[in-house]
Amino acid sequence: MTQTVRVKTLMPPGHVRTPAYLRGKIGVIERSLGAFPNPEDLAYGHSAAAKPLHRVRFTMAEVWGDAAENPDDTLDAEIYEHWLDPCDAP
Amino acid sequence: MPHDHHDHLSPSGHPYRADDDTSLSYWQTMEIAVRELLVENGVTTAAEIAVQIETMDARNPSNGAKVVARAWADPAFHAALMDNAGDATRDMGFDIGPLKLIAVENTADVHNMIVCTLCSCYPRNLLGLPPDWYKSRAYRSRTVREPRSVLAEFGVNLADTTQVRVHDSTADMRYIVIPARPQGTENMSQTELAALVTRDSMIGTGVAKTP
């Protein structure tokens with residue numbers, strides 16, 4: 001997986017654990033965490049395939065633009081790989 | 001009649017809290033139904049459920065404080081904790097179950113804080129139940145957008161040169177902040193050090209107490 005990634009802008013129905021405020025945002029993989037049962041299936045009692053999970057670090061400038069309190073502060077979130085697209089660094 | 005105008009106040013002068021005479025919500029009814037079925041079918045017992053609740057209630061931030069104090073005092077443990085906090089705390093004897101734990105460390109240049117915007121993920125197996133405000137929409141929504149303002153309301157004022165790192169606990173990991181070790185604690189025992197570690201300092205909304 002490349003280091004710089006963009007969160008997909010999908011808005012599917014159902015249980016997802018990708019926060020809406022991060023969709024479309026570009027970040028850098030801080031560390032990879034291994035594979036975990038996909039919560040999008042697990043939430044409904046379906047058998048859930050293990051999906052790779054990454055910690056992605058975003059700058060507050062990337063997430064909030066000019067509204068950021070301090071552009072260099074960061075926000076880390078755990079995002080499943082199937083929500084991430086490889087991306088050139090911004 | 002001395003009580004004519006005071007029937008709504010307790011003897012201590014506070015208003016009486018209304019009884020919770022409201023009907024059960026859908027999910028409260030569902031919880032009771034599932035619990036009763038599990039007991040009736042011999043899957044579990046009321047006593048086992050009570051013991052589990054007691055076990056969860058017995059967990060409290062002093063467990064995390066012992067972890068932090070040891071990380072401050074024991075370099076080998078510190079390295080193990082930063083590498084794999086789940087294994088390190090398990091090896092220390094804490095029953096943290098399948099918890100996947102990540103330790104993040106505050107320094108002179110970095111201040112970490114933890115939030116779960118989607119629900120209320122919290123390292124319960126190590127710190128006990130989260131404070132009510134941790135689950136509030138205000139904390140969850142504001143911490144990712146204006147962490148410095150939230151910290152200031154907790155009495156934590158950071159220099160502009162300190163980087164804030166917010167960790168949104170969105171999936172399978174749980175987080176503990178290792179607060180910066182206060183000055184003047186060089187000769188303290190781990191027991192004494194643990195007494196300086198507050199719950200909020202391990203969420204990142206506070207700092208460790210100074211002796």
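Residues numbered from 1 in each chain as written. Chains lettered and ligands numbered in written order. Predicted model: local features only at pLDDT ≥ 70, side-chain atom pairs only at ≥ 80, totals over all residues. Heavy atoms only, no water.

Under the annotation held in an unreviewed UniProt entry, chain B carries the name Nitrile hydratase subunit alpha and is attributed to Octadecabacter dasysiphoniae.

Within chain B, the secondary structure is distributed over ten helices and four strands. Going from the N terminus to the C terminus, chain B shows its helices and strands as α-α-α-α-α-β-β-α-α-α-β-β-α-α. Relative to its length of 211 residues, chain B is extended, with a C-alpha radius of gyration of 21 Å against a globular reference of 17 Å. With the C-alpha coordinates aligned to their principal axes, the bounding extent of chain B is approximately 60 × 55 × 35 Å. Sequence-distant contacts, at least 24 apart, represent 63% of the contacts inside chain B between residues at least 6 apart. Total accessible area on chain B is roughly 12100 Å²; 53% of this is exposed by carbon and sulfur atoms. One finds the centroid of the 19 positive side-chain charges in chain B at a distance of 6 Å from the centroid of its 27 negative side-chain charges. (Helix = DSSP H or I, 4+ residues; strand = E, 2+ residues; numbered from the N terminus. Rg over C-alpha atoms; globule rule 2.2 N^0.38 Å. Contact = heavy atoms within 4.5 Å. Areas by Shrake-Rupley, 256 points an atom, 1.4 Å probe, with all protein chains shown as cover. Lys, Arg positive; Asp, Glu negative; His and termini not counted. Charge placed at Lys NZ, Arg CZ, Asp CG, Glu CD.)

With numbering aligned to this structure, UniProt lists the feature "domain: Nitrile hydratase alpha/Thiocyanate hydrolase gamma" (unreviewed entry) at residues 27–205 of chain B. End C-alpha atoms of residues 27–205 of chain B are separated by 32 Å, and the span's content is 48% helix alongside 13% strand. (UniProt positions renumbered as here; feature names shortened; annotations may be inferred.)

Next up on the list: the pairing of strand E4 (residues 74–80) of chain A. Burial within E4 of chain A is extensive, with seven of its seven residues counted as buried. Burial of the side chains of E4 of chain A extends over both faces: Thr74, Asp76, Glu78 and Tyr80 of chain A are buried on one face and Leu75, Ala77 and Ile79 of chain A on the other. The pairing of strand E3 (residues 50–59) of chain A with E4 of chain A spans seven bridges and is classified as antiparallel. Among the inter-strand pairings, histidine 54 of chain A is bridged to a residue of E4 of chain A, identified as isoleucine 79 of chain A. Here four bridges tie E4 of chain A to strand E3 (residues 163–168) of chain B, and the two strands are oriented parallel to one another. For alanine 77 of chain A, the partnering residue across the bridge sits in E3 of chain B and is aspartate 168 of chain B. (Buried < 20%, exposed > 50% of the residue type's maximum accessible area, 1.4 Å probe, protein only. Pairing = 2+ DSSP bridges.)

All told, the structure shown has 13 salt bridges over all chains when counted by the stated rule. Note that aspartate 76 of chain A is salt-bridged to arginine 55 of chain A, the shortest N-O span being 2.5 Å. Highlighted residues: aspartate 76 of chain A in strand E4 and arginine 55 of chain A in strand E3, separated in sequence by 21 residues. With respect to class, aspartate 76 of chain A is no different from arginine 55 of chain A; both count as buried. Close ionic contact of arginine 70 of chain B with aspartate 74 of chain B constitutes a salt bridge, the shortest N to O distance being 3.3 Å. (Salt bridge = Lys/Arg side-chain N within 4 Å of Asp/Glu carboxyl O.)

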